Amino acid sequence: MCMIQVKLERLVTVSILQRCRSEFSNCKRESEVRFSEHLGKGAWAFAARTVPLLYAIALIMVARAVPQQEFGTLAVFQTLFTMLFTFSDGFALQAIVKFGVEPNVNIEELVTVTAALFVGFLSVSLTLLLVFRSFVASVLNNGSLVELLPWLALFALLTIPRVVFSKVLQSNFRMREIFFVDFSNFGIAAVLLITLLITGHIHSALDVIRVTVATGFLSSLVATVLVRPYLKFRPRYSRTMLQRISTFVRYQAAMGVTLTAQQNLDTLIVSGFTGATGAAVYGTAKMLFRGFDVVRETMTLFVFPAVSKYYSRNEIPTLRAILEKSVSLLYLLLIPMGIVLAVGAPLIFHFLYGTKYDASVPIFRLLLIALGVFPIQMVFGVAISGMGKIKDLFRMFTFSLLVNVIVATILLATIGIMGAAIAFVAT
C-alpha cells in the first residue's frame, strides 16, 4: 500500500513538473514572440526617424553649392515651418496619441475634433504671416522672405493630411507605415535634391523649397492610403470629446508654443542680428546638432504612448522601469558619441563643407555640451506630457524660454553668434 502511494505521488509530481515545464516553455515562446514584435517595431521606428538624415545629407550638399546668403534664407524658412507645425502639433494633434491608446475611444470623433482645432490654429497663423510678411522679413533682417512666405503657406496646407494621419498611425504603433510616410517626404526629397544638385539645377533657397513642397504633398497622399485600415474617413463631431481635448490642450498648447520657441528661436534671433549670412553659419552647426533629434523622436514614438497607457492604468512600476531604462540607454549612447564628435568636429566640417563653414566648428562644439542633460530632457519631458501634467511642463518651458531670449539677446549683442550657442546650452 505504501509503495502504491509512493508511486502515485511520484506520478503526480512528474505530471506537475511536466505541466510546469510546458507552461514555462509556452510563456518563454510567448515572451520571445512579444520581444521580437517590439524589436521589429523598434527597428521600423528607428528607420523612420533616420530617414530625415537622408534629407540632412542633401541639405549639406545644398550648403556647399549655394551662396551662404541663400542657405541662410533656407534655414530661416525651415525654422519658421518647424515652429509653425510644432505649435500646431502641441495645440491639438498630440491629443490623438494621448487618447488614441485608451480603450473605448471613438477614433473618428477624436480625429475630427483634433483636426478641426489643428486646421483652425494653422489657418490663423498662416493668415497673420501672409498679411504681415513684410514686417516679418524686416524683423528677421531678410527681404527674401517676402517672396517665400506664400510658399510656406502652401507647404503647410499640403502637408496637413500627413501630420494628422501620422498621429493616428503612431497611436496604433504602426511604425512600418510611419517609415513609408516619412520616406515619401524626406527620402524622396533627398533623392530629388541630390539629383538636381548633380545636374546643376539648384541655385537658390526657392529651388529647394519647390522640391520639399512637392514631396510634402506626396507624403500626404501616402499617409492617406496607409491610414485607411485604422480610420474611417467620416467626420464625427462630439461635444464631449471637444471638452475632453480642450482640458488636455489648454496647457499643452501654451507648452507647445514655449517649447518650440525655446528650440528654434535662437536661429531667428541670430538672423535678426546678423542677417542671412550669420544665420547660415549658425544654422550649419545647428543642423548637424539636430541629428540628435532622430534619437529624441524615436524615444517619443514609444515613450509618450507607453507613459499614457501605463500611467492611465496606474502601473507605476512598469512605467518607472521604462523611464529608467530609456534614460540609461540614452546616456550610454549620447555621451561617447558627443565626445567623438567634439574631437573630430574640424575634420567633419572640412569633409562636409570644405573651408566654407569653418566658423561653425566652435559653435557646434559648444552645442554638444547640451548632451549632458539631453537624456533627462528627452525622456522626462515626454513622460510628464504623457501623464497629462501639462501645467507643470508649461511652467518649466516658460522659464527656459525666458532664459533663452534674455541670454541670447544680451550675448548676441555683445559677443556675436557664439552667444546664441551659449544661450541654447543654458536653456
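In this text, all values refer to a predicted model and were calculated from it rather than measured experimentally.

Novice: Quick rundown of the overall build of the protein? Include the residues and the values.
Specialist: Scanning the protein for helices and strands turns up 15 helices and 0 strands. Across the 427 residues in the protein, those meeting the buried criterion constitute 46%. Residue pairs in contact within the protein that sit at least 24 positions apart in sequence constitute 82% of those at least 6 positions apart. Surface exposure of the protein reaches about 20500 Å², of which carbon and sulfur atoms provide 68%.

Novice: Would you mind going over a nonpolar patch on the surface in detail, with residue names and values included?
Specialist: Residues Val-124, Leu-128, Val-131, Phe-132, Phe-135 and Val-139 make up a contiguous nonpolar surface patch of about 610 Å² in total accessible area. Those elements giving two or more residues to the nonpolar patch turn out to be helix H3 (107-131) and helix H4 (133-139). Top contributing element to the nonpolar patch by residue count: H3, with 3 residues. Classification of Phe-135 as exposed rests on a relative accessible area of 57%.

Novice: Residue-level account of the packing of H3 against helix H6 (residues 160-171), with values.
Specialist: Between H3 and H6, the shortest axis-to-axis distance is 11 Å and the interhelical angle comes to 145°. Judged by the twist between their axes, the crossing of H3 over H6 is right-handed. Contact with H3, carried on its side by Val-111, Ala-115, Phe-118, Val-119 and Leu-122, involves Ile-160, Val-163, Val-164 and Val-168 of H6 and no other residues of that element. The residue makeup of the contact of H3 with H6, split by class, is 9 nonpolar, no polar and no charged.

Novice: Break down the nonpolar core for me, citing the residues and quoting the values.
Specialist: The nonpolar side chains of a soluble globular protein tend to be buried with one another. With 112 residues, the main nonpolar core has Phe-71, Val-164, Tyr-282 and Phe-289 as its most contacted residues. Of all the elements, helix H9 (residues 239-289) adds the most residues to this core, at 13 residues. Tyr-282 has contacts with Asp-266, Thr-267, Val-270, Ile-363, Leu-367, Ile-417, Ala-420, Ala-421 and Phe-424, leaving out every residue within four places of it along the chain.

Novice: Run through the packing of helix H11 (residues 316-353) against helix H13 (residues 374-386), naming residues and quoting values.
Specialist: Contact geometry for H11 and H13: axes closest at 8 Å, N-to-C directions at 155°. Taken as axis vectors, H11 and H13 run roughly antiparallel relative to one another. The element H11 and its partner H13 pack so that their crossing is right-handed. Here Leu-323, Ser-326, Val-327, Leu-330, Tyr-331 and Leu-334 of H11 come into contact with H13, specifically with Phe-374, Pro-375, Ile-376, Met-378, Val-379, Phe-380 and Ala-383. Of the residues contributing to the contact of H11 with H13, the split by class is 12 nonpolar, 1 polar and no charged.

Novice: Before we move on, can you summarise unusual backbone geometry with the specific residues and values?
Specialist: The backbone phi angle of Asn-141 is positive, close to 60°, even though this residue is not glycine. Checked against the element boundaries, Asn-141 lands in the loop between H4 and helix H5 (145-158). A positive phi angle, close to 60°, is found at Asn-314, a residue other than glycine. Of note, Asn-314 is situated in the loop between helix H10 (293-312) and H11. Look at Asn-314 and you get exposed, because its relative accessible area is 59%.

Novice: Describe the packing of aromatic side chains, listing the residues and the values that go with them.
Specialist: A full pass over the atoms with the stated rule returns 11 aromatic pairs. Seen in terms of ring centroids, Phe-81 and Phe-155 are 4.2 Å apart; in terms of plane orientation they differ by 15°. Their pairing is stacked. Note that Phe-81 is positioned in helix H2 (residues 68-100) and Phe-155 in helix H5, a separation of 74 residues in sequence. Of the two residues examined, Phe-81 and Phe-155, each falls in the buried class. The interplanar angle of 65° and the centroid separation of 5.3 Å between the aromatic rings of Phe-179 and Phe-180 together place this pair among those described as edge-to-face.

Novice: Talk me through the environment of Asp-266; I want residue IDs and the actual numbers.
Specialist: Position of Asp-266 among the secondary structure elements: in helix H9. Separated by 151 residues in the primary sequence, Asp-266 and Ile-417 place their C-alpha atoms 9.7 Å from one another. For Asp-266, the residues in contact, after removing those within four places along its chain, are Tyr-282, Lys-286 and Phe-424.

Novice: Give me the lowdown on the environment of Phe-302, citing residues and values where you can.
Specialist: Its place among the elements puts Phe-302 in helix H10. Each C-alpha atom, one on Phe-302 and one on Gln-170, is 8.7 Å from the other, the two residues being 132 residues apart in sequence.

So, how was this worked out
Residues numbered from 1 in each chain as written. Predicted model: local features only at pLDDT ≥ 70, side-chain atom pairs only at ≥ 80, totals over all residues. Heavy atoms only, no water. Helix = DSSP H or I, 4+ residues; strand = E, 2+ residues; numbered from the N terminus. Buried < 20%, exposed > 50% of the residue type's maximum accessible area, 1.4 Å probe, protein only. Contact = heavy atoms within 4.5 Å. Areas by Shrake-Rupley, 256 points an atom, 1.4 Å probe, with all protein chains shown as cover. Patch = residues over 30% accessible without salt bridge, like charges linked within 9 Å, V, L, I, M, F, W, Y side chains within 5 Å. Salt bridge = Lys/Arg side-chain N within 4 Å of Asp/Glu carboxyl O. Axes fitted to C-alpha atoms, helices over the stretch in contact; angles between N-to-C directions. Left-handed = near helix turned anticlockwise from the far one by under 90°. Nonpolar A, V, L, I, M, F, W, Y, C, P; charged D, E, K, R; others polar. Core = buried A, V, L, I, M, F, W, Y, C linked by side-chain atoms within 4.5 Å. Parallel < 35°, antiparallel > 145°, perpendicular 65-115°, else oblique. Phe/Tyr/Trp six-rings, centres within 6.5 Å; stacked < 30°, edge-to-face > 60°.

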